[in-house]
Amino acid sequence: MKSLHAMLLVAGIALGTAGVQHPAVAQSTGVTATLKSDLQAALTTTQSFDALRMKAAKTATGLWVMTVAPEGIGWGAGTKDGTQHSEATVAVGWYDADGKLMGNLAQEQIFKRVIVDGDAVYSMRVQVPPGAVRLRFVVRDALNGHMGTVDLTTF
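Notes on the structure in this doc start here. Computed from a prediction, not measured in an experiment: that's the story for all the values here.

**Points about the overall build of the protein chain**
Helix and strand counts for the protein chain come out as two helices and eleven strands. Along the protein chain, helices (α) and strands (β) appear in the sequence β-β-β-β-α-α-β-β-β-β-β-β-β when read from the amino end. Within the protein chain, the fraction of its 155 residues that count as buried is 44%. For the protein chain, the share of sequence-separated contacts (at least 6 apart) that also reach a separation of at least 24 residues comes to 60%. Surface accessibility of the protein chain: about 8,100 Å² in total, with carbon and sulfur atoms responsible for 54%.

Set out below in structure tokens:
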């Protein structure tokens, strides 16, 4: 996997990305376009996406943790030790009182599966700016395109 340090422009939304890049994304413009479109849809609507059942919570250290139920995840087995893993784009958007998207952050992450029935766990550090009244977390599975969202108004 290669490090990805790029900015994706999605309908005027700058999605900062960091982490690893799925090889198919690096080689296919169609996959990149689909990813951009999916993230745009998930961040600019109030519609829920529930193909991935997920929760989001803030830890005592300020890290946001997204847990995703294993059923909708496309598990891969590409690690050297043969363990399964999932690859996902994890995004968060923050909104003002009028519902306007104020900003967002996206990262590509890998979760190594340790327990067969256990949730996948992703995390990101988010500094919520003054005036934000809602956070929307999005997880999009890189292998099957399934997405989940969770909205929080208390943070």
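**Overview of the nonpolar core**
The tendency in soluble globular proteins is for nonpolar side chains to be buried as a group. In terms of nonpolar packing, the biggest core is built from 23 residues, with M66, V68, Y122, F137 and V139 touching the most fellow members. Listing elements by their share of this core, those giving two or more residues are β5 (54-58), β6 (63-68), β7 (85-95), β9 (120-125), β10 (134-141) and β11 (147-152). At four residues, β7 tops the list of elements feeding residues into this core. Those residues within four positions of F137 in sequence are excluded, and the remaining contacts are M54, A56, W64, M66, A91, V92, G148, T149, V150 and L152. A42, Y95, A106 and M147 belong to the second largest nonpolar core, which has ten residues in total.

**Quick notes on the sheet that holds β11**
Note: strands within a sheet are paired through backbone hydrogen bonds, in either parallel or antiparallel orientation. Taking strand neighbours across the sheet as the criterion, the four strands line up as β8-β7-β10-β11 in an open arrangement whose pairing is antiparallel. A strand with exactly one partner marks an edge of an open sheet, and here the two such strands are β8 (101-112) and β11. Strand after strand, the sheet turns through a mean of 15° between neighbouring axes, direction not considered. Here six bridges tie β10 to β11, and the two strands are oriented antiparallel to one another.

**Some details on the packing of aromatic side chains**
A complete count under the given rule lists three aromatic pairs for this structure. Arranged with centres 5.1 Å apart and planes meeting at 40°, the rings of W64 and F137 form a pair that is tilted. Here the residue W64 occupies a position in strand β6, and F137 occupies one in strand β10, the gap between them amounting to 73 residues. The burial state of W64 is the same as that of F137; both residues are buried. Directly above the ring of W75 sits R113, whose terminal nitrogen or CZ lies 4.1 Å from the centroid. Seen from the ring of Y95, R134 lies directly overhead, with NZ or CZ sitting 3.8 Å from the centre.

**Things to note about the pairing of β8**
Summarising the sheet, β7 and β8 pair through eleven bridges and their orientation is antiparallel. Residue pairing in the sheet places W94 in a bridge with G103 of β8.

**Here we look at the sheet that holds β9**
Taken together, three strands build an open sheet; the order of strands is β5-β6-β9 and the sheet is antiparallel. Where the open sheet ends on each side, the last strands, each with one partner, are β5 and β9. Across this sheet, the average inter-strand angle for adjacent strands is 20°, counted without regard to direction. Two elements, β6 and β9, share six bridges in a ladder whose sense is antiparallel. In the strand pairing of β9, L63 is matched with R125.

Calculation notes
Residues numbered from 1 in each chain as written. Predicted model: local features only at pLDDT ≥ 70, side-chain atom pairs only at ≥ 80, totals over all residues. Heavy atoms only, no water. Helix = DSSP H or I, 4+ residues; strand = E, 2+ residues; numbered from the N terminus. Buried < 20%, exposed > 50% of the residue type's maximum accessible area, 1.4 Å probe, protein only. Contact = heavy atoms within 4.5 Å. Areas by Shrake-Rupley, 256 points an atom, 1.4 Å probe, with all protein chains shown as cover. Core = buried A, V, L, I, M, F, W, Y, C linked by side-chain atoms within 4.5 Å. Pairing = 2+ DSSP bridges. Axes fitted to C-alpha atoms, helices over the stretch in contact; angles between N-to-C directions. Phe/Tyr/Trp six-rings, centres within 6.5 Å; stacked < 30°, edge-to-face > 60°. Lys NZ or Arg CZ within 6 Å of the ring centre and 35° of its normal.

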